[in-house]
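One-letter residues, chain by chain:
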Amino acid sequence: MRRDDLYITVPSFFRCPISLDVMKSPVSLCTGVTYDRASIQRWLDSGHNTCPATMQVLQSKEFVPNRNLQRLIQIWSDSVARRQVEADSAATSVVVPSPDQVKVLVKQLDNNCFSSLAKIVCFAKESEENCEFLARMDGFLNAVFDFMRNADSDIKLIEQVVKILDLMSSKILDKKPLLESNCLSTILLVFQGGCLDSQIQSVRLLESIAVDGESMLKIAEKDGLVSELVKSIRKEKDPRLIEASLSCLIAITMPKRIKTRLIQSRTIPELKNLVSEPNTTVSIMEKSLKLLETLSSCKEGRAEIWHDTILLQAIMQKVLKVSSKATEHAVTILWSVCYLFTDEKAQEAVVSSNGMTKFLLLMQSNCSPAVRQMSADLLKIFRVNSKSCLSSYDTKTTHIMPF
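Residues numbered from 1 in each chain as written. Predicted model: local features only at pLDDT ≥ 70, side-chain atom pairs only at ≥ 80, totals over all residues. Heavy atoms only, no water.

### Focus: the overall build of the protein
Regarding its fold elements, the protein presents 22 helices and five strands. Going through the 403 residues of the protein one by one, you find that 49% of them count as buried. For the protein, contacts bridging at least 24 residues in sequence account for 66% of all contacts bridging at least 6. (Helix = DSSP H or I, 4+ residues; strand = E, 2+ residues; numbered from the N terminus. Buried < 20%, exposed > 50% of the residue type's maximum accessible area, 1.4 Å probe, protein only. Contact = heavy atoms within 4.5 Å.)

### Focus: the environment of serine 276
With respect to the helices and strands, the residue serine 276 is situated in helix α14 (residues 267–276). Accessibility expressed as a relative area gives 38% for serine 276, which makes it partly exposed. Remark: the alpha-carbon pair of serine 276 and leucine 311, spanning 35 residues in sequence, is separated by 7.7 Å.

### A short note on the sheet that holds strand β5 (residues 64–65)
In spatial order, the strands read β4-β3-β5; together these three strands make up an open sheet with antiparallel pairing. The open sheet has two edge strands with one neighbour each: β4 (34–36) and β5. (Pairing = 2+ DSSP bridges.)

### What to know about the environment of alanine 124
Mapped onto the fold, alanine 124 is located in helix α4 (residues 113–126). For the pair alanine 124 and lysine 163, spaced 39 residues apart in sequence, the C-alpha separation works out to 9.3 Å. Residue contacts for alanine 124: discarding those within four places in its chain leaves Asn130, Cys131, Leu134 and Leu167.

### Describing the packing of aromatic side chains
Within the structure shown, the criterion is met by four aromatic pairs. Pairing phenylalanine 13 with phenylalanine 14 gives two aromatic rings, centres 4.8 Å apart and planes at 75°, and the pair type is edge-to-face. Of the residues examined, phenylalanine 14 reaches a relative accessible area of 5% and is grouped as buried. Between the aromatic rings of phenylalanine 14 and tryptophan 76, the centroid separation amounts to 5.7 Å while the plane-to-plane angle is 70°, which identifies the pairing as edge-to-face. Of this pair, phenylalanine 14 sits in the loop between β2 (6–7) and β3 (26–28) while tryptophan 76 sits in helix α2 (residues 67–92), and the two are 62 residues apart along the sequence. (Phe/Tyr/Trp six-rings, centres within 6.5 Å; stacked < 30°, edge-to-face > 60°.)

### As for the nonpolar core
Phe140, Leu292 and Phe359 are the most contacted members of the largest nonpolar core, which totals 105 residues. With eight residues, helix α12 (residues 239–252) is the single largest residue contributor to this core. Setting aside its immediate chain neighbours within four residues, phenylalanine 359 contacts Met316, Val331, Leu334, Val350, Ser375, Leu378, Leu379 and Phe382. (Core = buried A, V, L, I, M, F, W, Y, C linked by side-chain atoms within 4.5 Å.)

### Thoughts on the environment of leucine 292
Residue placement: leucine 292 occurs in helix α15 (residues 282–295). Counting along the chain gives 24 residues from leucine 292 to isoleucine 268, while the straight-line C-alpha distance between them is 7.1 Å. In this structure, leucine 292 is in contact with Ile268, Leu271, Val275, Ile305, Leu311, Ile315 and Ile333, ignoring residues within four places of it in sequence.

### Quick word on helix α17 (residues 309–317)
Residue pairs three or four apart in sequence face the same way in an α-helix, which turns once every 3.6 residues. Among all positions of α17, only Leu311, Leu312, Ala314, Ile315 and Met316 are buried. Residues of α17 that are buried sit in contact with α14, α15, α16 (299–306), α18 (324–340), α19 (344–352) and α20 (355–363). The N-cap of α17, judged by a side-chain oxygen 3.2 Å from the amide nitrogen of isoleucine 310 a few residues on, is aspartate 308. (Polar contact = N/O pair within 3.5 Å; in protein donor to acceptor, adjacent residues only side chain to side chain.)

### Quick notes on unusual backbone geometry
Even without being glycine, methionine 55 reaches a positive phi, approximately 60°. Counting through the fold element by element, methionine 55 comes out in the loop between α1 (37–45) and β5. Phi at arginine 266 is positive, roughly 65°, even though this residue is not glycine. Tracing the backbone through its elements, the reader meets arginine 266 in the loop between α13 (256–264) and α14. Take arginine 266: its relative accessible area is 55%, and that puts it in the exposed class.

### Points about the pattern of salt bridges
Applying the stated criterion to the full structure yields 18 salt bridges. In this structure, the salt-bridge partner of lysine 321 is glutamate 62, at a minimum N-O distance of 3.1 Å. One end of the pair, lysine 321, is in the loop between α17 and α18; the other, glutamate 62, is in the loop between α1 and β5, and 259 residues separate them in sequence. Given the relative accessible area of 13%, lysine 321 is considered buried. (Salt bridge = Lys/Arg side-chain N within 4 Å of Asp/Glu carboxyl O.)

### Some words on the packing of helix α3 (residues 99–107) against α4
Contact geometry for α3 and α4: axes closest at 10 Å, N-to-C directions at 150°. In the packing of α3 onto α4, the handedness of the crossing is left-handed. On α4, the residues touching Pro99, Val102, Leu105 and Val106 of α3 are Ser116, Lys119, Ile120 and Phe123. Residues that form the contact of α3 with α4 fall into these classes: six nonpolar, one polar and one charged. (Axes fitted to C-alpha atoms, helices over the stretch in contact; angles between N-to-C directions. Left-handed = near helix turned anticlockwise from the far one by under 90°. Nonpolar A, V, L, I, M, F, W, Y, C, P; charged D, E, K, R; others polar.)

### Some points on the side chain of arginine 37
Structurally, arginine 37 can be placed in helix α1. Buried and unpaired, arginine 37 has aspartate 36 as its nearest opposite-charge partner, separated by 7.3 Å. (Lys, Arg positive; Asp, Glu negative; His and termini not counted.)

### Side note on the packing of α17 against α19
Where α17 meets α19, the axes come as close as 9 Å, and the angle between the chain directions of the two elements is 40°. What the angle tells us is that α17 and α19 run oblique. For the element pair α17 and α19, the recorded crossing hand is right-handed. Residues Thr309, Leu312, Gln313 and Met316 of α17 form the contact with α19, whose own contacting residues are Lys345, Ala346, Ala349, Val350 and Ser352. (Parallel < 35°, antiparallel > 145°, perpendicular 65-115°, else oblique.)

### Structural notes on α18
Here α18 contains 17 residues, and its C-alpha end-to-end distance of 23 Å stays within 8% of the 24 Å for a straight helix at 1.5 Å per residue. Taken as a whole, α18 has its buried residues at Ala326, Thr327, His329, Ala330, Val331, Thr332, Ile333, Leu334, Ser336, Val337 and Cys338. (Expected span 1.5 Å × (residues − 1).)

### Topic: the side chain of serine 232
Note on placement: serine 232 falls in the loop between α11 (225–231) and α12. Residue serine 232 is classed as buried on the basis of its relative accessible area of 3%. Within polar-contact distance, the side chain of serine 232 engages the backbone oxygen of leucine 229 at 2.7 Å.

This is the structure:
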């Protein structure tokens, strides 16, 4: 494997036996062989009932995440990324300005702005102490806010400003200026037209200023912002942007008006695509289910979810398969839809996805008391409406990995 001038040796057991690529989501069959989730899912969906590596007939087509291997791959990937960054840094030889030089740069912001801002970004990246230094500097934040208020069409200049604010977000005590309409318009401009890193930084900046109901409403009611956030969680987008956008949407979606706006913006179909995608990362899956859980807390969200049996089945499949967080979010959604709505069609979709067995297993596991109670509530509903299903599903076993 070659990345620019950096040659990388990939450990053989990091490669999927089917695709031969580094595994993104390693899962193990009952034979003990590990594959990338997408590759083995395609193999099974095409009608095969054997393990591709051993050709043994599968006693069960269930597979479980190989967490240990996934952690090893992540550690290796991070190491490769660090080596690339070090190589890039050595090539560019960026000189970080001193605090005294930064003071001069701040005074010169009106002249040669891009160069000055780029150097200030380098200074802020260097350490938390440098960000604190900038936050305490008289007039600096006011100057940055003025750039946001009076931004013109120079997207590269605005990107530098957003980078600085993103780096300093935890040090800015008063973020109200960023909630002004023209500042939000500038953030939206970067979100729509900036490079990928700038888009992610603009989304993180939005999340950092969503500190109360008033700020959440101002962000959500800014024309175009919610629709852009929803577009950015499409499964074909970069995973880093998807994750940042999901975090932002979760942060602003407490008021009911915003939940309704998100539902009207077709957020649930995009979340359905993420939940159904076999290569979705654990973190994105957890956030997708968390946002679905939030939207299921209002009747419009519950109604849209219980009308979609494919989405319900996809949610049910994540129970005991991804992580304890994902399981808790999934069970809460199913409880909201099946227990509060008591819709028979929704209940049938859950039962057909091995729901009875999984809820029984949850009641016997070390999950949280809330999940255990919701599982008990769901089983009561299923016993009343589908007594015959219980005895049928009690005889089955599900291979799960403890969290």
